Amino acid sequence: MNTSHKAEIAVIGGGTVALSVATGLMRLGRQVVVIDEGDGASRASRGNFGLVWVQGKGDMLPLYTPWAMGAVEIWPDLAEWLQDFTGIDVALEQPGGLFLCRSEEDLALRAKKMATVAQNVRGAYSYSMLDNKALRELVPQIGPDVAGGSYSPYDGQADPLRLFHALHRAFGKLGGSYLPGAGVKAITATARGYRLETGCDSIEAERIVLAAGLGNADLGRMLGVDIPVKPVRGQILVTERVPKVFDLVMEQARHTPDGTMLIGGSWEEDSGHDTATSQEVTRRIASDALAFFPFLKRVNVLRSWGALRIISPDASPIYDEVAPDAFLVTCHSGVSLAAVHLETVADWVDKGEIPAQMADFGLRRFHRAKAAAS
Ligand SMILES: Cc1cc2nc3c(=O)[nH]c(=O)nc-3n(C[C@H](O)[C@H](O)[C@H](O)COP(=O)(O)OP(=O)(O)OC[C@H]3O[C@@H](n4cnc5c(N)ncnc54)[C@H](O)[C@@H]3O)c2cc1C
């Protein structure tokens, strides 16, 4: 039997991005339903590294740098609110972060990237490039053969699964409706908004938010819009519990509050939708990790996993009203950007007016890039 639902706003997707926006909308007093697929669905939100990160963001789209800086600046407010409202500590730490480079060639590329990022905010971005000696003064456990790395004080980490849990709990506690096992299969424009069909449910909403990660490509087709997101697999290793030996967070390795270490991650552009791990990549990640941290030779890896990143052509977020009252929200860094999704992006969907700092994140930039290339 088909069940009918009505809501002011329907958010399609049940990952970190969808729940950040949906929770923000509930805080603004909107009546929201979140429509999600089943337990077997692919979810980057369950397989990520948990960095709350700015380093490197904006090398392909300049306005991404101030956007990411703004996001990490207000992250402590989000963590505090989630702790007070849901009782869940999302384990935010912002001690600063390092990106390690094994070779001089990688280090030179990194220096170029960081200079571009700093230029995007006219130098109002603090970072330093470090050689091996400077790195080892900061973290003595780093190996002698590592060429160097970049350091920036804005970076940190949170526990991504606790964040995911806390957002779901906050959304429910605010009175939001969650429809699981309900993949949207058809979207039709109506006189008062949209009708969404899942096969079991029919949902009428005045506004819709497309926040379904890689599923946004299919949702776009239902609206006649090309949404250029593709999967890029990342594999991550988890060690047994080890004593904490450094405080800084690194893009290649981090201590978790549970005592394990996460080691990552690969960037596999030809993965398609396959989340499998492979021996070849696991071996490469482990070999890099041993060069970065020789002490890991005595530490066991307990498990590994693969998950799919949601990547746009310039690896930056896309925010756009793709049809009247149909808002697209997608990005690679859903953990890092959670606080601005809950605040600024929810406000945009609520009011329907895009704020200046988000105005150039739309799909038009890809059309312009295509036109310039042809
Ligand atoms: C290996 C790896 C490492 C990462 N590391 C970091 C990091 O350190 N820091 C960071 O900020 N980010 C990181 N990310 C990215 C982060 O995980 C994602 O940005 C974030 O989880 C994306 O969330 P999402 O909600 O957009 O998508 P997902 O978590 O993929 O969720 C998509 C949801 O949409 C639902 N869905 C799809 N189609 C439909 C449909 N038709 N109808 C209804 N529902 C649908 C699915 O069921 C799913 O629940 C990493 C990702 C990976 C893979």
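1. Topic: the site of the ligand
Contacts to the ligand come from 39 residues, most closely from Asp36, Arg43, Ser45, His332 and Gly334. A distance of 3.3 Å separates an oxygen atom of the ligand from a polar backbone atom of Thr16. At 2.8 Å, a side-chain N or O of Asp36 approaches an oxygen atom of the ligand. Burial of the ligand by the protein chains amounts to 96% of its free accessible area of 1000 Å². Elements with a contribution of two residues or more to the shell around the ligand: helix 1 (16-27), strand 12 (230-239) and strand 16 (301-311). It is strand 16 that provides the largest number of residues to the shell around the ligand, a total of 4 residues. The residue inventory of the shell around the ligand, partitioned by class, reads 18 nonpolar, 17 polar and 4 charged. No fewer than three residues from each of domain 1 (3-51 + 161-228 + 315-373) and domain 2 (95-154 + 230-311) sit in the shell around the ligand.

2. Some remarks on the sheet that holds strand 14 (residues 253-255)
Consider a sheet: its strands pair through backbone hydrogen bonds, and that pairing is either parallel or antiparallel. In space, the 4 strands of this open sheet follow the order 14-15-12-16, with antiparallel pairing throughout. Each having just a single partner strand, strand 14 and strand 16 make up the two edges of the open sheet. Averaged over all neighbouring strand pairs, the angle between strand axes comes to 25 degrees, with direction disregarded. With 3 bridges joining them, strand 14 and strand 15 (residues 261-264) adopt antiparallel strand pairing. Bridging across to strand 15, Arg254 finds its partner in Leu262. Strands strand 12 and strand 15 of the sheet are contacted by helix 7 (residues 279-292), whose axis makes an angle of about 55 degrees with strand 12.

3. Details of the domain arrangement of the protein chain
Frequently, the measure chosen for interface size is the accessible area that the parts lose on association. Domain annotation of the protein chain identifies domain 1 (3-51 + 161-228 + 315-373) and domain 2 (95-154 + 230-311). For domain 1 and domain 2, the distance between their C-alpha centres works out to 30 Å. Overall, the association of domain 1 and domain 2 removes approximately 1400 Å² of surface from exposure, summing both partners, and the carbon and sulfur fraction of that is 70%. Considering only the side of domain 1, the residues that lose the most area to domain 2 are Phe49, Leu214 and His332, jointly responsible for 46% of the buried surface there. The tally of links from domain 1 across to domain 2 stands at 1 salt bridge. Among the salt bridges present, the one from Arg162 reaches Asp258, with a minimum N-O distance of 3.8 Å. The residue makeup of the side of domain 1 that touches domain 2, split by class, is 7 nonpolar, 7 polar and 1 charged.

4. Quick notes on the sheet that holds strand 4 (residues 97-101)
Strand order in the open sheet formed by 4 strands is 5-6-4-13, with mixed pairing between adjacent strands. This sheet does not close on itself; its edge strands, each paired only once, are strand 5 (128-131) and strand 13 (249-250).

5. What about the packing of aromatic side chains?
As enumerated under the stated definition, the model contains 10 aromatic pairs in all. With a centroid separation of 5.1 Å and 90 degrees between ring planes, the pair formed by Phe327 and Trp348 is classed as edge-to-face. Of this pair, Phe327 sits in strand 18 (residues 326-330) while Trp348 sits in helix 8 (residues 338-351), and the two are 21 residues apart along the sequence. Comparing Phe327 with Trp348 shows no difference in burial state: the two are buried.

6. Re the pattern of salt bridges
If you walk through the whole model with that rule in mind, you get 19 salt bridges. The partner of Glu93 in a salt bridge is Lys244, and the shortest N-O contact between them spans 3.7 Å. Separated by 151 residues along the polypeptide, Glu93 in the loop between helix 2 (64-86) and strand 4 and Lys244 in the loop between strand 12 and strand 13 bring together distant segments of the chain. You can call Glu93 partly exposed: its relative accessible area is 27%. A salt bridge links Asp347 to Lys351; the nearest nitrogen and oxygen atoms lie 2.8 Å apart. Taken as a pair, Asp347 and Lys351 lie in helix 8 at a separation of 4 residues, close to a single helical turn. With relative accessibility at 27%, the residue Asp347 sits in the partly exposed group. In this structure, a network of salt bridges that share partners links the residues Glu8, Arg30 and Asp350.

7. Describing the side chain of Thr256
By secondary structure assignment, the location of Thr256 is in the loop between strand 14 and strand 15. A polar atom in the side chain of Thr256 sits 2.9 Å from the side chain of Thr260.

8. A closer look at the packing of helix 2 against helix 8
It is the contact of helix 2 with helix 8, at a shortest axis distance of 7 Å, that shows an interaxial angle of 90 degrees. In terms of orientation, helix 2 and helix 8 fall into the roughly perpendicular class. Taking contact as the criterion, the partners of Trp67, Gly70, Ala71, Ile74, Trp75 and Leu78 in helix 2 are, on helix 8, Ala338, Ala339, Val340, Leu342, Glu343, Thr344 and Val345. Within the contact of helix 2 with helix 8, the residues separate by chemical class into 10 nonpolar, 2 polar and 1 charged.

9. Concerning the environment of Val139
With respect to the helices, strands and loops of the structure, Val139 is situated in the loop between helix 4 (132-138) and strand 6 (148-152). We classify Val139 as buried; its relative accessible area is 1%. Once the C-alpha coordinates of Val139 and Asp247 are considered, the two residues, 108 residues apart in sequence, prove to be 8.6 Å apart. Look past the residues within four positions of Val139 in its chain and what remains in contact with it is Leu98, Phe246, Leu248, Met250 and Phe293.

Rules of the game
- Residues numbered from 1 in each chain as written.
- Predicted model: local features only at pLDDT ≥ 70, side-chain atom pairs only at ≥ 80, totals over all residues.
- Heavy atoms only, no water.
- Near = heavy atom within 4 Å.
- Polar contact = N/O pair within 3.5 Å; in protein donor to acceptor, adjacent residues only side chain to side chain.
- Areas by Shrake-Rupley, 256 points an atom, 1.4 Å probe, with all protein chains shown as cover.
- Helix = DSSP H or I, 4+ residues; strand = E, 2+ residues; numbered from the N terminus.
- Nonpolar A, V, L, I, M, F, W, Y, C, P; charged D, E, K, R; others polar.
- Domains from an automatic or database assignment.
- Pairing = 2+ DSSP bridges.
- Axes fitted to C-alpha atoms, helices over the stretch in contact; angles between N-to-C directions.
- Contact = heavy atoms within 4.5 Å.
- Buried area = accessible area lost by both parts, 1.4 Å probe.
- Salt bridge = Lys/Arg side-chain N within 4 Å of Asp/Glu carboxyl O.
- Phe/Tyr/Trp six-rings, centres within 6.5 Å; stacked < 30°, edge-to-face > 60°.
- Buried < 20%, exposed > 50% of the residue type's maximum accessible area, 1.4 Å probe, protein only.
- Parallel < 35°, antiparallel > 145°, perpendicular 65-115°, else oblique.

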